[in-house]
Amino acid sequence: AFAYAEDNSGFNADGTSTFHGLVGLKNKLAAGSIYDCISGNTAFSTLDIEDFEYAIAKLPNYPNANPAWFISKPGYYASMVRLQMAVGGNTVQNVAGKPEMMFLGLPVVLSNVLHTSLSASTSTIFGYVGDLGLSSLFGERTGVEVSTTTERYWDVDQIGIKGYERFDIVHHSFGTASAAGAVVALRFAAS
């Protein structure tokens, strides 16, 4: 639950009280840091390899950058794995084996908070490519604290467990209207 809340805040937060005032990448990236997919590519099943190549091409050439893909599990299998399997020369072992969590030479990081719908989702950000270490700061004021009580629920033979964490996420390299920052968002085409 803590990891989910951290990811959800880092990617999707909109500055409201629901996210304790945090603003995520989806709402922070400038226009230059968003890649719009090729016209007609409005779902994971319609994405082309060029969509991913062009997104990487938008990234600045920062020294010592370690970019990665950030995408949901449904998105990964319906787009990246589908494109890898479409490449000629596959054997039974390739198809039967577990795909390596790499795509176009970059590691793939799965996140449960990113877009998961397999149907058409026009103008929706579905993933990211870049180096979060160069674009964002994660601060933890207090680590995860867990406490229990047996007295509160004694009458129903239960215990109470409370977990607590305080953190902040600041995105600082989000690009400009015409130039990408350290992370590029991938957005389905408008039509």
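If you're wondering where the values come from, they're calculated on a predicted model, not measured in any experiment.

Asker: What is the right way to look at unusual backbone geometry in this model?
Answerer: Both trends apply: most residues other than glycine have a negative phi, and most peptide bonds are in trans. Positive phi is not limited to glycine here, since His20 has a value of about 55°. Residue classification places His20 among the exposed residues on the basis of a relative accessible area of 73%. Of note, the phi angle at Ser123 is positive, near 55°, even though the residue is not glycine. In this structure, Ser123 sits in the loop between strand E4 (106–110) and strand E5 (125–130).

Asker: Before we go on, may I ask you to explain the environment of Gly75 in this structure?
Answerer: Tracing the backbone through its elements, the reader meets Gly75 in helix H4 (residues 73–86). Among all residues touching Gly75, those that are not within four sequence positions of it are Phe44 and Met80.

Asker: Any chance you could explain the environment of Lys28 here in plain terms?
Answerer: Inspection of the secondary structure puts Lys28 in helix H2 (residues 25–28). When residues no more than four places from it in sequence are discounted, the contact partners of Lys28 are Val23, His171 and Phe174.

Asker: I tried to follow the nonpolar core on my own but got confused; where do I start?
Answerer: Grouped burial of nonpolar side chains is what soluble globular proteins tend to show. By size, the foremost hydrophobic cluster in this structure holds 23 residues, and its most contacted members are Phe52, Trp69, Met80, Phe126 and Val129. When residues of this core are traced back to their parent elements, those giving at least two are helix H3 (49–58), strand E2 (68–71), H4, E4, E5 and strand E8 (183–187). The leading source of residues in this core is H4, at five residues. Setting aside its immediate chain neighbours within four residues, Phe52 contacts Leu47, Trp69, Ser79, Met80, Leu83, Phe103, Leu104, Phe126 and Leu186. Counting twelve residues, the second largest nonpolar core, distinct from the first, contains Phe11, Leu29, Val183 and Ala185.

Asker: Can you help me understand the packing of aromatic side chains in this one?
Answerer: For any two aromatic rings, the description comes down to two numbers: the centre-to-centre distance and the angle of the planes. Applying the stated criterion to the full structure yields eleven aromatic pairs. Seen in terms of ring centroids, Phe11 and Tyr128 are 5.2 Å apart; in terms of plane orientation they differ by 25°. Their pairing is stacked. On the criterion of sequence distance, the pair formed by Phe11 in helix H1 (residues 2–12) and Tyr128 in strand E5 is long-range, its members being 117 residues apart. For the ring pair Tyr35 and Tyr54, a centre distance of 6.3 Å and an interplane angle of 70° mean the geometry is edge-to-face. Within this pair, whereas Tyr35 is found in strand E1 (residues 34–36), its partner Tyr54 is found in helix H3, the two being separated by 19 residues in sequence. The exposure class of Tyr54 is partly exposed, given its relative accessible area of 43%. Here the aromatic residues Phe11, Phe70 and Tyr128 are joined through ring pairs into a cluster of three or more.

Criteria and thresholds
- Residues numbered from 1 in each chain as written.
- Predicted model: local features only at pLDDT ≥ 70, side-chain atom pairs only at ≥ 80, totals over all residues.
- Heavy atoms only, no water.
- Buried < 20%, exposed > 50% of the residue type's maximum accessible area, 1.4 Å probe, protein only.
- Helix = DSSP H or I, 4+ residues; strand = E, 2+ residues; numbered from the N terminus.
- Contact = heavy atoms within 4.5 Å.
- Core = buried A, V, L, I, M, F, W, Y, C linked by side-chain atoms within 4.5 Å.
- Phe/Tyr/Trp six-rings, centres within 6.5 Å; stacked < 30°, edge-to-face > 60°.

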